[in-house]
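Now for the letters of each chain:
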There are 2 protein chains.
Amino acid sequence: MPQQRSEETRARILDAAVRRFAIAGYDAASVDDICIEAGVSKGAFYHHYPTKQAIFLALMQGWLAMIDIGLDSARQGTVPEALMHMTNLLPGVFAAAEDRLPMFLEFWLQASRDETVWKAMIAPYRHYQEHFAKLIEDGITEGSLKPVDSQVAAQVIVSLAVGLVLQGVLDPHSADWAKTARESMHILLKGLVIS
Amino acid sequence: MPQQRSEETRARILDAAVRRFAIAGYDAASVDDICIEAGVSKGAFYHHYPTKQAIFLALMQGWLAMIDIGLDSARQGTVPEALMHMTNLLPGVFAAAEDRLPMFLEFWLQASRDETVWKAMIAPYRHYQEHFAKLIEDGITEGSLKPVDSQVAAQVIVSLAVGLVLQGVLDPHSADWAKTARESMHILLKGLVIS
């Protein structure tokens, strides 16, 4: 079963990388360290991931794929109902982001100085922007939302989510962030919904 | 005029530090580099700032003081009017934040591993949270805003502002961020204002 063993090796490398990045930081964690932690050879490592950066990007893709699955599963009922369902995803996003915050910060630092990294980091924001603009348009079409500028309304939702995740991760004990997320969306919907 | 000369030295050190942090990064910029750039002795440097960290904190305080002055000057008319005025501050915040983004990211990285730095970084969020909660309460008292939970409404405003600044700095060309800030507040106010 070489295909299955290959998948297992890949998963072991990713798990080891998460642990090493959390302990030593992204910059300080070496490929050697990750290989020892994962119990794989450097040959096996480079077979799966050409660079340490490729691992980071794979981890980020996995995290975003998880959010996408959550967003799709929350897409039930009317658009306002779906938006309220989606706020229930935020506690999971907080939890996943918290472990990886230092790694994200290191990567943003690289992104601020490196065009390629920057493009990889900015893509998800634009992806979510389009996702929510489409959802707002669906709401206008179904007659549940006012005919607002869908791009602006999407930017409000994405900015609010980014701001909530950032504050929830940086200052977890200053508020009940799950409750804040729900009530924030509630206030926002009062301005968007046709009553 | 020793007092005036002392102020000039302090300003020269801060200007030099901003330039060195932008070029080399906060971690890589040495006190020696900053002294050479500023044309001051190390003795003079340490007379004003005990550590490189003290300079970063002074820069951050200066930036926050500027935002506070802007918020106070925008406090005119009713609370909804004041909130709309305040969105005009965001382009200036974007501009100031853009130069300093790598430095902020490096500092957040330290904050994620160092309790003292973390406390210094989190204080402004809590300060703005209280500032906006007070403003929302004023709006409820004056009869312009619905009787919402002022802490939650303040969190929405702060999260939205944080999210807008972050996206505006990281992806400046993907939207007209000044317009987005105004229209975001407009949507939010529709949910808060008594019509």
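Summary of the structure given here. (Residues numbered from 1 in each chain as written. Chains lettered and ligands numbered in written order. Predicted model: local features only at pLDDT ≥ 70, side-chain atom pairs only at ≥ 80, totals over all residues. Heavy atoms only, no water.)

This part is about the overall build of chain A. When its secondary structure is counted, chain A shows nine helices and zero strands. Going from N to C terminus, chain A has its helices and strands arranged as α-α-α-α-α-α-α-α-α. Principal-axis analysis of the C-alpha atoms gives chain A an extent of 60 × 40 × 30 Å. For chain A, the proportion of its 195 residues judged to be buried stands at 49%. Sequence-distant contacts in chain A: of pairs separated by 6 or more residues, those separated by 24 or more amount to 67%. (Helix = DSSP H or I, 4+ residues; strand = E, 2+ residues; numbered from the N terminus. Buried < 20%, exposed > 50% of the residue type's maximum accessible area, 1.4 Å probe, protein only. Contact = heavy atoms within 4.5 Å.)

On to the relation of the copies chain B and chain A. Superposing chain B onto chain A takes a rotation of 180° plus a shift of 0.0 Å along the axis, which leaves an RMSD of 0.0 Å. Classification of the inter-copy transformation places it as that of a two-fold axis. When the interface residues of chain B are mapped onto chain A, 100% of them again fall at the interface, so both copies present the same face. (Least-squares fit on C-alpha atoms with pLDDT ≥ 70 in both.)

Two packed helices can be described by the angle between their axes and the distance between those axes. All names here are of chain A. Packing of helix α8 (residues 150-170) against helix α9 (residues 177-192) leaves a shortest axis separation of 11 Å and a crossing angle of 165°. In this view, α8 runs roughly antiparallel relative to α9, as classed from their interaxial angle. Relative to α9, the crossing made by α8 is right-handed. Residues A153, V156, I157, L160, L164, Q167 and G168 of α8 form the contact with α9, whose own contacting residues are W177, T180, A181, S184, M185, L188 and L192. Along the lines of polarity and charge, the residues of the contact of α8 with α9 split into 10 nonpolar, four polar and no charged. (Axes fitted to C-alpha atoms, helices over the stretch in contact; angles between N-to-C directions. Parallel < 35°, antiparallel > 145°, perpendicular 65-115°, else oblique. Left-handed = near helix turned anticlockwise from the far one by under 90°. Nonpolar A, V, L, I, M, F, W, Y, C, P; charged D, E, K, R; others polar.)

If you look at the biggest cluster of nonpolar residues, it comprises 142 residues, and the most contacted ones within it are F132 of chain A together with F132 of chain B. With residues up to four places along the chain from it excluded, the contact list for F132 of chain A reads L71, L83, M86, A154, I157 and V158 of chain A. (Core = buried A, V, L, I, M, F, W, Y, C linked by side-chain atoms within 4.5 Å.)

With respect to the helices and strands, the residue H127 of chain B is situated in helix α7 (residues 115-142). A distance of 3.1 Å separates the side chain of H127 of chain B from the side chain of D68 of chain B, its partner in a polar contact. (Polar contact = N/O pair within 3.5 Å; in protein donor to acceptor, adjacent residues only side chain to side chain.)

With that settled, consider the packing of aromatic side chains. Residues and elements named next belong to chain A. All chains considered together, the criterion is met by four aromatic pairs over all chains. Note on F45 and Y46: the rings are 5.1 Å apart at their centroids and 80° apart in plane angle, and the pair reads as edge-to-face. By way of ring pairs, the aromatic residues F45, Y46 and Y49 are connected into one cluster. Of note, R10 hangs over the ring of Y49, and the distance from its end group to the ring centre comes to 5.7 Å. (Phe/Tyr/Trp six-rings, centres within 6.5 Å; stacked < 30°, edge-to-face > 60°. Lys NZ or Arg CZ within 6 Å of the ring centre and 35° of its normal.)

In this section: the pattern of salt bridges. For the structure on display, the rule yields 16 salt bridges over all chains. K179 of chain A is paired through a salt bridge with E183 of chain A; the nearest N and O atoms lie 3.8 Å apart. A residue pair is termed a helical-turn pair when its members lie 3 or 4 positions apart in one helix, as K179 of chain A and E183 of chain A do in helix α9 at four residues. Residue classification places E183 of chain A among the partly exposed residues on the basis of a relative accessible area of 26%. For D138 of chain B, the salt bridge identified is with R75 of chain B, shortest N-O distance 3.6 Å. Residue D138 of chain B is found in helix α7, and its partner R75 of chain B is found in the loop between α4 (52-73) and α5 (79-87); the two are separated by 63 residues along the sequence. D138 of chain B gets classed as partly exposed once you look at its relative accessible area, which sits at 25%. For R75 of chain B, a relative accessible area of 34% gives the class partly exposed. Connected through salt bridges with shared partners, the residues R19, R20 and E37 of chain A form a single ionic network. (Salt bridge = Lys/Arg side-chain N within 4 Å of Asp/Glu carboxyl O.)

Attention now goes to helix α9 (residues 177-192) of chain B. Residues and elements named next belong to chain B. Taking 1.5 Å of rise per residue, the 16 residues of α9 would be expected to cover 22 Å, and the 22 Å separating its terminal C-alpha atoms lies within 8% of that figure. When we look at burial in α9, the residues that qualify are W177, T180, A181, S184, M185, I187, L188, L189, G191 and L192. Its side-chain oxygen placed 3.3 Å from the backbone nitrogen of A178, D176 serves as the N-cap of α9. (Expected span 1.5 Å × (residues − 1).)

Glancing now at the side chain of T9 of chain A. Residues and elements named next belong to chain A. Mapped onto the secondary structure, T9 falls in helix α1 (residues 2-24). Look at T9 and you get buried, because its relative accessible area is 14%. Side-chain polar atoms of T9 contact the backbone oxygen of R5, separated by 2.9 Å. Those residues within four positions of T9 in sequence are excluded, and the remaining contacts are V40 and H48.

Nothing here speaks to function; it is all geometry.
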